[in-house]
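Observations on the three-dimensional arrangement
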Protein chains: 4
Amino acid sequence: NGKMVLFSGPCAVESYDICAQIAETLIAICSELDIQYVFKASFDKANRTSVDSFRSVGFEGALDVLARIKANYHVPIVTDIHESYQASPVSEVADALQIPAYLCRQTDLLVAAGNTGKTVKIKRGQFMAAEDMEYAVNKVKSTGNEKVCLTERGVSFGYHNLVVDMRSLPVMRQFAPVIFDVTHSVQQPGGMNGKSGGQREFAPYLARAAAATGVDGFFIETHPDPSKALSDGPNLIPLDKMKGFMEMLKTGFEYGNSFNNTIL
Amino acid sequence: NGKMVLFSGPCAVESYDICAQIAETLIAICSELDIQYVFKASFDKANRTSVDSFRSVGFEGALDVLARIKANYHVPIVTDIHESYQASPVSEVADALQIPAYLCRQTDLLVAAGNTGKTVKIKRGQFMAAEDMEYAVNKVKSTGNEKVCLTERGVSFGYHNLVVDMRSLPVMRQFAPVIFDVTHSVQQPGGMNGKSGGQREFAPYLARAAAATGVDGFFIETHPDPSKALSDGPNLIPLDKMKGFMEMLKTGFEYGNSFNNTIL
Amino acid sequence: NGKMVLFSGPCAVESYDICAQIAETLIAICSELDIQYVFKASFDKANRTSVDSFRSVGFEGALDVLARIKANYHVPIVTDIHESYQASPVSEVADALQIPAYLCRQTDLLVAAGNTGKTVKIKRGQFMAAEDMEYAVNKVKSTGNEKVCLTERGVSFGYHNLVVDMRSLPVMRQFAPVIFDVTHSVQQPGGMNGKSGGQREFAPYLARAAAATGVDGFFIETHPDPSKALSDGPNLIPLDKMKGFMEMLKTGFEYGNSFNNTIL
Amino acid sequence: NGKMVLFSGPCAVESYDICAQIAETLIAICSELDIQYVFKASFDKANRTSVDSFRSVGFEGALDVLARIKANYHVPIVTDIHESYQASPVSEVADALQIPAYLCRQTDLLVAAGNTGKTVKIKRGQFMAAEDMEYAVNKVKSTGNEKVCLTERGVSFGYHNLVVDMRSLPVMRQFAPVIFDVTHSVQQPGGMNGKSGGQREFAPYLARAAAATGVDGFFIETHPDPSKALSDGPNLIPLDKMKGFMEMLKTGFEYGNSFNNTIL
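Residues numbered from 1 in each chain as written. Chains lettered and ligands numbered in written order. Predicted model: local features only at pLDDT ≥ 70, side-chain atom pairs only at ≥ 80, totals over all residues. Heavy atoms only, no water.

Regarding the overall build of chain A
Helices and strands together make up the secondary structure of chain A, namely eight helices and 13 strands. Relative to the globule expectation of 18 Å for 264 residues, the C-alpha radius of gyration of chain A, 17 Å, shows essentially globular dimensions. Each principal axis of the C-alpha distribution contributes one length, and for chain A these read about 55 × 40 × 40 Å. Nonlocal contacts in chain A, meaning residues at least 24 apart in sequence, comprise 69% of its contacts between residues at least 6 apart. Accessible area for chain A stands at about 8,300 Å²; split by element, carbon and sulfur atoms hold 47% of it. Of note, chain A has its 25 positive side-chain charges centred 2 Å away from the centre of its 29 negative side-chain charges. (Helix = DSSP H or I, 4+ residues; strand = E, 2+ residues; numbered from the N terminus. Rg over C-alpha atoms; globule rule 2.2 N^0.38 Å. Contact = heavy atoms within 4.5 Å. Areas by Shrake-Rupley, 256 points an atom, 1.4 Å probe, with all protein chains shown as cover. Lys, Arg positive; Asp, Glu negative; His and termini not counted. Charge placed at Lys NZ, Arg CZ, Asp CG, Glu CD.)

A word on the pattern of salt bridges
Scanning all chains against the criterion turns up 44 salt bridges over all chains. Of the charged contacts, one joins Lys228(A) and Asp225(A) as a salt bridge, the two residues approaching to 3.7 Å between their closest N and O atoms. In this structure, Arg124(B) and Glu152(B) form a salt bridge, with 2.7 Å as the shortest nitrogen-oxygen distance. Residue Arg124(B) is found in the loop between β5 (119-123) and α5 (133-141), and its partner Glu152(B) is found in strand β6 (residues 148-152); the two are separated by 28 residues along the sequence. Exposure remark for Arg124(B): the relative accessible area of 0% places this residue in the buried category. Glu152(B) gets classed as buried once you look at its relative accessible area, which sits at 0%. (Salt bridge = Lys/Arg side-chain N within 4 Å of Asp/Glu carboxyl O. Buried < 20%, exposed > 50% of the residue type's maximum accessible area, 1.4 Å probe, protein only.)

Considerations on the interface of chain C and chain B
At the junction of the two partners, chain C supplies four residues and chain B supplies four residues. Both faces considered, chain C and chain B share a buried interface measuring about 380 Å² in area, 74% of it formed by carbon and sulfur atoms. Along the contact surface separating chain C from chain B lie zero salt bridges. At the surface where chain C touches chain B, the tally comes to zero residue pairs in polar contact (both at pLDDT 80 or more). (Buried area = accessible area lost by both parts, 1.4 Å probe. Polar contact = N/O pair within 3.5 Å; in protein donor to acceptor, adjacent residues only side chain to side chain.)

So, the side chain of Glu221(B)
By the element assignment, Glu221(B) lies in strand β12 (residues 217-223). Once you skip the residues sitting within four places of it in the chain, Glu221(B) turns out to touch Gly9(B), Cys11(B), Lys40(B), Thr183(B), His184(B), Asp232(B), Leu236(B) and Ile237(B).

Observations concerning the interface of chain B and chain A
Facing the 42 residues of chain B at the interface are 42 residues of chain A. A combined buried area of about 3,400 Å² lies between chain B and chain A, and 46% of that area is made up of carbon and sulfur atoms. On inspection of chain B and its partner chain A, the count reaches twelve residue pairs in polar contact (both at pLDDT 80 or more). Of all the secondary-structure elements, those providing two or more residues to the side of chain B that touches chain A are α4 (107-115), α5 and β7 (155-156) of chain B. Of the residues in the side of chain B that touches chain A, the class split is 13 nonpolar, 17 polar and twelve charged. (Nonpolar A, V, L, I, M, F, W, Y, C, P; charged D, E, K, R; others polar.)

Section: the confidence of the model for chain A
On average, residues of chain A score 93 in pLDDT, and 96% of them are at 70 or above. Note on the complex model: pTM 0.95, ipTM 0.95. (pLDDT = per-residue confidence, 0-100.)

Details of the relation of the copies chain C and chain B
Between the two copies of the chain lies a rotation about an axis combined with a shift along it. The transformation that overlays chain C on chain B combines an axial shift of 0.0 Å with a rotation of 180°, and the residual RMSD is 0.0 Å. Given the turn and translation reported, the copies of this chain are related as if by a two-fold rotation axis. Among all residues of chain C, the minimum C-alpha distance to the rotation axis is found for Gly158(C), at 1.9 Å. Most of the interface of chain C is mirrored in chain B, where 100% of its interface residues again form contacts. (Least-squares fit on C-alpha atoms with pLDDT ≥ 70 in both.)

Points about α4(B)
Within α4(B) the residues assigned to the buried category are Thr107(B), Leu109(B), Leu110(B), Ala112(B), Ala113(B) and Gly114(B). Where α4(B) ends, the next residue or the one after it, Gly117(B), has phi of about 80°, a positive value.

With respect to the packing of aromatic side chains
The tally for this structure, following the rule as stated, stands at 26 aromatic pairs over all chains. Judged by centre distance (6.5 Å) and plane angle (55°), the ring pair of Phe202(B) and Tyr205(B) falls under tilted. The two residues Phe202(B) and Tyr205(B) agree in class, both being buried. Members of the aromatic cluster, connected to one another through ring pairs, are Tyr102(A), Phe127(A), Tyr102(B) and Phe127(B). (Phe/Tyr/Trp six-rings, centres within 6.5 Å; stacked < 30°, edge-to-face > 60°.)

With respect to the relation of the copies chain B and chain A
Superposing chain B onto chain A takes a rotation of 180° combined with a translation of 0.0 Å along the rotation axis, leaving an RMSD of 0.0 Å. Same-surface contact between copies: 100% of interface residues of chain B are shared with the interface of chain A.

Some points on the side chain of Ser91(B)
Residue and element names in this part refer to chain B. Looking at where Ser91 falls in the secondary structure, it is placed in helix α3 (residues 87-91). Among the polar contacts made by the side chain of Ser91, one reaches the main-chain carbonyl oxygen of Ser88 at a distance of 2.8 Å. When neighbours within four sequence positions are excluded, Ser91 is seen to be in contact with Leu97, Thr116 and Lys118.

Re the pairing of strand β5 (residues 119-123) of chain C
Residue and element names in this part refer to chain C. Among the five residues of β5, four are classified as buried, and the element is accordingly described as predominantly covered. Where strand β4 (residues 96-99) lies against β5, four bridges are found, and the strand directions are parallel. Bridge pairing links Ile99 to Ile122 in β5. In the classification by handedness, the crossover that spans β4, the intervening helix α4 (residues 107-115) and the parallel β5 is right-handed. Both β5 and strand β6 (residues 148-152) contribute to a ladder of four bridges, which runs parallel. Directly across from Val120, in β6, lies its bridge partner Val148. (Pairing = 2+ DSSP bridges. Right-handed = clockwise from strand over helix to strand, strands pointing away.)

Thoughts on helix α7 (residues 203-213) of chain A
In an α-helix there are 3.6 residues to a turn, and that puts residues three or four apart on one side. All names here are of chain A. Among the eleven residues that make up α7, eleven are buried, leaving the element largely enclosed by the rest of the structure. When we look at burial in α7, the residues that qualify are Ala203, Pro204, Tyr205, Leu206, Ala207, Arg208, Ala209, Ala210, Ala211, Ala212 and Thr213. Backbone geometry just downstream of α7 places Gly214 in the positive-phi region, at approximately 120°.

A word on the environment of Pro234(D)
Relative to the helices and strands, Pro234(D) is located in the loop between β12 (217-223) and β13 (237-238). On the basis of relative accessible area, Pro234(D) is assigned to the partly exposed category, the value being 32%.

Let's talk about the pairing of β6(C)
All names here are of chain C. Counting buried residues in β6 gives five out of five residues, a clear majority hidden from the surface. Where burial is concerned, the two faces of β6 agree: the one with Val148, Leu150 and Glu152 and the one with Cys149 and Thr151 are both buried. The β-α-β motif built from β5, the intervening helix α5 (residues 133-141) and the parallel element β6 has right-handed crossover chirality. Sheet analysis places β6 next to strand β9 (residues 178-181), joined by three bridges and oriented parallel. What sits directly across from Glu152, in β9, is Phe180.

Let's talk about the packing of helix α1 (residues 16-33) of chain D against helix α8 (residues 242-256) of chain D
Residue and element names in this part refer to chain D. Direction vectors running N to C along α1 and α8 enclose 30°, while the axes themselves pass 10 Å from each other. When the axis of α1 is compared with that of α8, the two are roughly parallel. Viewed along their axes, α1 and α8 form a crossing whose handedness is right-handed. Here Leu26, Ile29, Glu32 and Leu33 of α1 lie close against α8, whose contacting residues are Met242, Lys243, Met246, Glu247 and Lys250. (Axes fitted to C-alpha atoms, helices over the stretch in contact; angles between N-to-C directions. Parallel < 35°, antiparallel > 145°, perpendicular 65-115°, else oblique. Left-handed = near helix turned anticlockwise from the far one by under 90°.)

Quick notes on unusual backbone geometry
Residue and element names in this part refer to chain D. Although it is not a glycine, His74 sits at a positive phi angle of roughly 55°. Here His74 lies in the loop between α2 (59-73) and β3 (77-80). Looking at His74, the relative accessible area reads 69%, which means it is exposed. For His160, which is not a glycine, the phi torsion comes out positive at approximately 55°. You can see His160 is positioned in the loop between β7 (155-156) and β8 (162-163).

What follows is the structure, encoded as structure tokens:
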């Protein structure tokens with residue numbers, strides 16, 4: 001409907017209390033700024049660089065936290081799935097299923113997600129041309145489910161580095177609404193001795209650039225104290241900065257979407 | 001043991017007869033050239049560009065063909081798995097499980113493969129620095145299974161294109177034996193209007209370059225008639241060219257492995 | 001002084017009349033929108049893909065046209081130089097000397113340009129990390145000339161393709177004011193059978209993105225009829241679209257520069 | 001004539017004595033191994049990262065050293081030129097003029113080099129598709145000079161990194177003989193705080209790979225003591241390792257050129 005969307009929460013389900021603190025803060029911000037809010041947290045970090053990294057508080061436990069957030073705060077929930085058997089149980093709690101970037105070509109996973117009838121949010125692979133994401137969208141739509149959106153998070157540019165090609169945003173909006181992933185666009189894959197690093201200092205620049213290019217919403221991971229986050233700490237936006245950040249993006253969102261781009 | 005290895009077969013299990021024809025031909029070539037041969041075919045093509053592409057003759061049917069090839073020709077079998085539930089049933093037939101490139105960071109899949117006790121052959125992600133493949137190897141080894149090998153097939157270089165960085169071969173050999181994938185290194189992802197294209201004409205150049213750099217073996221998809229292959233036709237090596245091709249690579253393999261590379 | 005700057009004109013000096021038509025139109029637009037205007041045209045296209053491409057109306061003739069534009073319209077002039085001997089004669093007409101991207105590491109050229117005392121506008125090489133442009137700036141400043149600005153026009157991303165990494169803009173602004181080159185950022189080097197191609201349709205998206213990221217001004221090539229332009233036609237902005245284009249960028253410029261970016 | 005060629009010497013003309021020591025050593029090696037030898041040294045390093053880096057012992061002085069090496073050792077000489085005015089005086093000493101990679105599209109420079117009637121050796125730009133080097137070759141041939149060769153030294157792959165795409169070698173051999181630049185293919189541009197770094201340890205791998213792919217010769221910078229070299233030290237091959245290195249490459253050269261590559 002043209003309203004700006006925010007998918008946001010902690011990277012992983014760490015505890016009910018942290019999830020609740022974040023949900024409460026973001027609900028208030030989004031209400032004030034007329035933004036549609038969706039709570040995000042991963043129940044499992046299935047592709048960490050190292051086998052020793054934190055993954056999860058457990059599948060059941062994490063889904064239970066998500067269900068309580070949903071019930072207590074009346075917010076829709078998005079979380080990611082990694083194998084097709086997860087689609088059905090996760091969809092009992094989640095309103096939207098996110099397909100991780102590495103898995104955006106896995107037909108079984110896309111079809112299983114589509115079959116739940118929930119919104120399917122596909123992250124663009126770091127190895128995929130934007131125009132090829134149409135095939136991923138079509139795999140979901142082959143199930144009869146038309147509720148699909150895409151997410152930009154940068155493409156491989158040499159080693160240990162991603163670059164955001166802003167041309168991808170209008171290319172992918174031809175196929176589905178497009179969300180800009182602020183957090184993972186400043187990730188530096190693998191570069192930190194068994195963990196991925198990040199460049200949080202570039203987040204406001206890239207987020208404004210994406211807003212001005214034209215997108216349908218944003219994906220932002222946040223934490224009350226990023227230095228204590230169990231995953232992706234170097235690229236999280238501190239929770240107490242989220243209000244200023246969203247005000248900035250709301251202005252950019254309106255600017256970027258005020259052109260029909262047929263100027264040329 | 002230093003003997004050159006060849007993983008080869010059709011891209012997908014199309015029929016018993018084609019599999020048998022290929023196995024018979026390659027067994028003879030490898031016997032003559034003193035190469036260790038492993039029959040390869042996929043039971044399912046799980047990440048085709050388009051949902052309409054050929055995937056499989058069916059899970060059960062394809063495994064049955066692989067089992068008959070193994071029984072009738074006394075060759076070890078490698079095939080790829082895509083979700084962790086497949087590791088156990090597939091390992092009843094396969095001697096080696098291949099992890100697809102897009103999935104090389106999926107911890108559950110690597111651990112499930114490791115737990116079978118079979119050899120795990122991990123393809124390097126098109127988005128991974130060679131040195132980060134050590135973490136993938138370690139995920140398998142965390143199960144106590146030390147039988148791991150890696151496979152090079154090119155990294156993302158712009159859109160619809162892969163480039164083989166030959167430096168990756170010695171980097172990855174620090175962690176595990178390295179196989180050079182001749183077929184997918186000349187693939188052009190997504191470029192062909194809903195299918196991946198390929199540049200078969202570059203296969204001999206890249207294969208010789210990899211051999212001279214130094215590898216432990218090769219992965220080559222072949223077909224009696226590539227123009228009729230149900231998958232990856234543009235980059236397959238015709239079966240009747242395989243003998244000359246392997247003679248060429250055997251010479252290069254010996255050249256590449258005759259240096260200790262501490263020359264500098 | 002924080003005022004938005006526009007460097008704009010035809011790609012090459014084709015004739016006095018076309019230059020005059022463009023200067024007159026852009027002077028009026030910039031006056032209305034409070035933009036500082038600099039007239040740009042190349043006296044020679046020294047690095048065309050093919051030796052048969054149009055280069056110039058001649059060194060003397062082209063400088064003469066630039067001098068007449070300057071005298072008749074009272075606008076400052078920027079033009080590019082390619083070898084160090086050109087710096088001195090060109091600086092008799094030009095107020096700013098542009099160093100082409102391929103030449104941004106040529107010490108003699110940078111020093112010769114610096115020695116003229118004119119503003120030196122250095123385009124970032126398609127092969128240079130943004131932070132390494134500090135060395136190019138320092139080569140000019142080694143002459144005692146502090147009037148330097150940098151220009152972003154995309155970096156090599158695979159073959160026949162450039163990508164604009166918006167992170168480069170704040171990185172380079174640490175060293176000097178940064179101009180975003182709208183025209184060449186949508187160029188496709190070499191791809192068109194002996195000529196470079198272009199994607200004019202992406203120009204408004206990338207220009208807005210750069211504005212929102214934060215820059216000091218823009219470089220835009222224009223022509224009354226791009227289909228008849230003697231160089232770079234596929235990426236020129238039509239002259240009659242320039243007013244709407246500049247209104248769009250002025251809004252983005254103010255948005256992008258209204259943050260101190262210490263939000264995080 | 002199909003004989004392997006070696007262009008080799010110190011990076012820069014540091015002194016007559018070092019040049020003479022290198023020439024004498026390499027002449028003996030090439031004579032023993034039936035390799036055609038060309039002495040290489042730069043009279044000026046015109047595009048160092050930083051303005052403070054060593055450039056030259058002076059134009060006249062450096063040309064004089066090259067002339068004495070030529071006279072005393074009866075070897076042909078190659079050196080690079082950076083602006084068109086240098087072509088004529090340098091060609092009085094040099095038998096081949098090398099066009100630096102950044103300058104491979106500069107029409108005036110290529111034409112000036114062509115007009116000397118000497119061999120023109122063009123390095124491929126780090127930003128150029130291999131097939132586009134045909135236009136650079138044609139710029140030289142437009143002068144009536146058919147003596148052109150091309151040199152591969154890697155393309156931009158992300159920041160501070162080059163990758164050698166071995167497919168480029170057969171592509172460029174369609175237009176002219178191709179030399180593989182061992183030294184600069186392992187360069188890391190700009191990465192070392194104002195200097196370019198290098199990865200000498202990869203030189204034997206990439207050199208063997210290029211040899212096996214198929215080339216006409218090699219370009220290798222060497223020094224009796226790389227740690228004391230005034231330029232490019234981290235990627236030079238120590239002079240006392242050159243004999244073993246060339247033996248290795250001679251074998252690879254014969255292997256790579258023994259196929260007509262119409263196998264497929």
